[in-house]
Amino acid sequence: MMESQAKNSPENLVSLTAVDDSNSADVPNLKGDWHNLFVLLLLYTMQGIAGTGLCIGIPVLLQINKNVTYKEQALFSMVTWPYSLKMLWAPLVDALYVQKMGRRKSWLIPVQYLIGGCFIYMGKNIDEWLPETGKPDVLKLFYVVFFVQTLVATQDIVVDAWALTMLKKNNVVYASNCNLVGAMLGIMINSLFLTVFTSEDFCNKYLRFAPAKGGLVTNAYLFYCWAVLFILITTSIIIFKKEKDNRLEVNYVKLNIIQNYLLVLDILKIPSIWVLTIALLTTEIGFAATSQSLITLKLIDAGLPKDNVMVIISSMYIVKIITPIIVSKYTSGPKPMSVYLKLIPFR
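Residues numbered from 1 in each chain as written. Predicted model: local features only at pLDDT ≥ 70, side-chain atom pairs only at ≥ 80, totals over all residues. Heavy atoms only, no water.

Taken together, the side chains of Tyr 113, Ile 120, Tyr 224, Ile 231, Ile 238, Ile 239 and Phe 240 define a hydrophobic patch exposed on the protein surface, amounting to about 620 Å² of accessible area. Per element, the largest residue contribution to the nonpolar patch is five residues, and it comes from helix α12 (residues 219–240). Positionally, Tyr 224 belongs in helix α12. (Patch = residues over 30% accessible without salt bridge, like charges linked within 9 Å, V, L, I, M, F, W, Y side chains within 5 Å. Areas by Shrake-Rupley, 256 points an atom, 1.4 Å probe, with all protein chains shown as cover. Salt bridge = Lys/Arg side-chain N within 4 Å of Asp/Glu carboxyl O. Helix = DSSP H or I, 4+ residues; strand = E, 2+ residues; numbered from the N terminus.)

Moving on, we get to the pattern of salt bridges. The tally for this structure, following the rule as stated, stands at seven salt bridges. Put simply, Asp 137 and Lys 140 hold a salt bridge, and the shortest N to O gap is 3.9 Å. The partly exposed category is assigned to Lys 140, whose relative accessible area is 39%. Here Asp 266 ties to Lys 269 by a salt bridge, and the two come within 3.9 Å at their closest N and O atoms. (Buried < 20%, exposed > 50% of the residue type's maximum accessible area, 1.4 Å probe, protein only.)

Take the UniProt feature "transmembrane region" (unreviewed entry) in the protein next. As annotated in UniProt, the feature "transmembrane region" (unreviewed entry) corresponds to residues 37–62, 106–122, 142–167, 179–199, 219–240, 261–289 and 309–327 in the numbering used here. Annotated as 81% helix and 0% strand, the span residues 179–199 places its first and last C-alpha atoms 30 Å apart. In residues 261–289, helix accounts for 69% and strand for 0%; the two terminal C-alpha atoms are 36 Å from one another. (UniProt positions renumbered as here; feature names shortened; annotations may be inferred.)

Moving on, we come to the side chain of Thr 283. As for its position among the elements, Thr 283 is in the loop between α14 (271–282) and α15 (292–301). Within the local environment of Thr 283, its side chain forms a polar contact with the side chain of Tyr 340, the two groups lying 3.1 Å apart. If sequence neighbours within four positions are ignored, Thr 283 has contacts with Tyr 340 and Ile 344. (Polar contact = N/O pair within 3.5 Å; in protein donor to acceptor, adjacent residues only side chain to side chain. Contact = heavy atoms within 4.5 Å.)

So, about the layout of surface pockets. Roughly 780 Å³ of internal volume is contained in the second largest pocket. What lines the second largest pocket is a set of 27 residues, and nearest its centre among them are Ile 64, Glu 132, Thr 198, Ser 199 and Lys 306. Per element, the largest residue contribution to the lining of the second largest pocket is five residues, and it comes from helix α11 (residues 200–207). Counted by class, the lining of the second largest pocket contains 10 nonpolar, nine polar and eight charged residues. (1 Å grid on protein atoms, 1.4 Å probe; cavity = no way out; pocket = protein on both sides within 12 Å on 5 of 7 lines; lining within 4 Å. Points joined across faces, edges and corners; volume = space filled by probe spheres on them. Nonpolar A, V, L, I, M, F, W, Y, C, P; charged D, E, K, R; others polar.)

For any two helices packed against each other, one specifies the crossing angle of their axes together with the interaxial distance. The N-to-C vectors of helix α10 (residues 175–195) and helix α16 (residues 306–331) enclose an angle of 170 degrees; their axes lie 9 Å apart at closest approach. Considering their axes alone, α10 and α16 lie roughly antiparallel with respect to each other. Crossing of α10 against α16: the hand is left-handed. Across the interface between the two elements, Asn 177, Leu 180, Val 181, Met 184, Leu 185, Ile 187, Met 188, Ser 191, Leu 192 and Thr 195 of α10 pack against Lys 306, Asp 307, Met 310, Ser 314, Tyr 317, Ile 318, Lys 320, Ile 321, Pro 324, Ile 325 and Ser 328 of α16. Taken together, the residues of the contact of α10 with α16 break down into 13 nonpolar, five polar and three charged. (Axes fitted to C-alpha atoms, helices over the stretch in contact; angles between N-to-C directions. Parallel < 35°, antiparallel > 145°, perpendicular 65-115°, else oblique. Left-handed = near helix turned anticlockwise from the far one by under 90°.)

Okay, structure coming up:
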C-alpha cells in the first residue's frame, strides 16, 4: 500500500507528466502549422511550374514541330543541370543575406521576381522562338530556360532551408511531403497547359461545344499568366509572411562563406554520405530508357498524338501526388529510407 502511494505521489506524477510531454513534443501535430504548410505547398508548386513543368512541356512542343533533331533535344535537356549543380552555390545562399529582410526572404523575393520577369520576356518572344511552322530557335530557348532553371534551383535551396525553421520542429517531417506534392502539382499544371490547353485538336474534342481555331490559351498568354502569378504571390509573401529571426534559433552560429564551404567538405567526408551519393547517382541508370522525357519524345515520334501522351503522363502525376501522402506515416519514423529500400527492387 505504501509502495502504491509512493508511485502516486505528486513528485512522481510530475515526472511522469514531464516524460509524456517530452514524448508528445516529438510527435507531429499540425495544430498552428497549417498556414505554414500551405505557404510551403504554394512555393513548391510554383517551383514545379517554373522548373520541371517547363522542362517537360517545351521538348514536347519542339518534337511536334518536326524540325528538331534529337541532338538539339539533348542540348535543351541540359537546362536541368542547375538542379544537379546547386550544391556549388548553396553555401553562398546560406551565408549571404540581409538581416532586416530575413535570411531566406533575402534570396526568395528577388529570385521569384526575376522568374516572373523571365516569363514576361518569354511571353514576348515565344512565338518567334517556337513558331508553329519553321525552324525553332533552340539555342535562344536553351539560354533563357537555363537561366530560369538556375533561379528555380536557387529557390529550391532557399525553400528547403526555410522549411526547417518555418515549421515546428516536430512537423519538419512534412516538409518533404510539401516538396513532392507541390512540385508534382506544379509540373502537371504547367506541362498540361503548355501542351494540351494550347492544342486546337484537344480543346475542340474535349473542352468546347463548337469547334474553334486555336487552343484555350496561347503560349504567350500562358507565360504572361505565370509571370503575374509569381509577382502577386511574391508580393503577398513580402506583406503577409513574417520570417523568424534566425539569431533566435537554438545553437545559432553565423558562418561566413568559407566556413560554409568547409562545412560541406566535412559532410562529404562522412562514409555514409558517400554510400548514399553513389546509390543516388546510379539508381536511375536502369530506368534511363524509360525515363519520362525520352519515352514521351519517342511516342510522339512514333505517331502517337501528343494530347494522348500528355493525358497519360498527367494521370501518373495524380498517382505521384497521392502516393507521398499515403506513405508519409511510414517515412516519418526513425527509418525513413526503409520504404525506399524495400520498393526499389520491385521497380
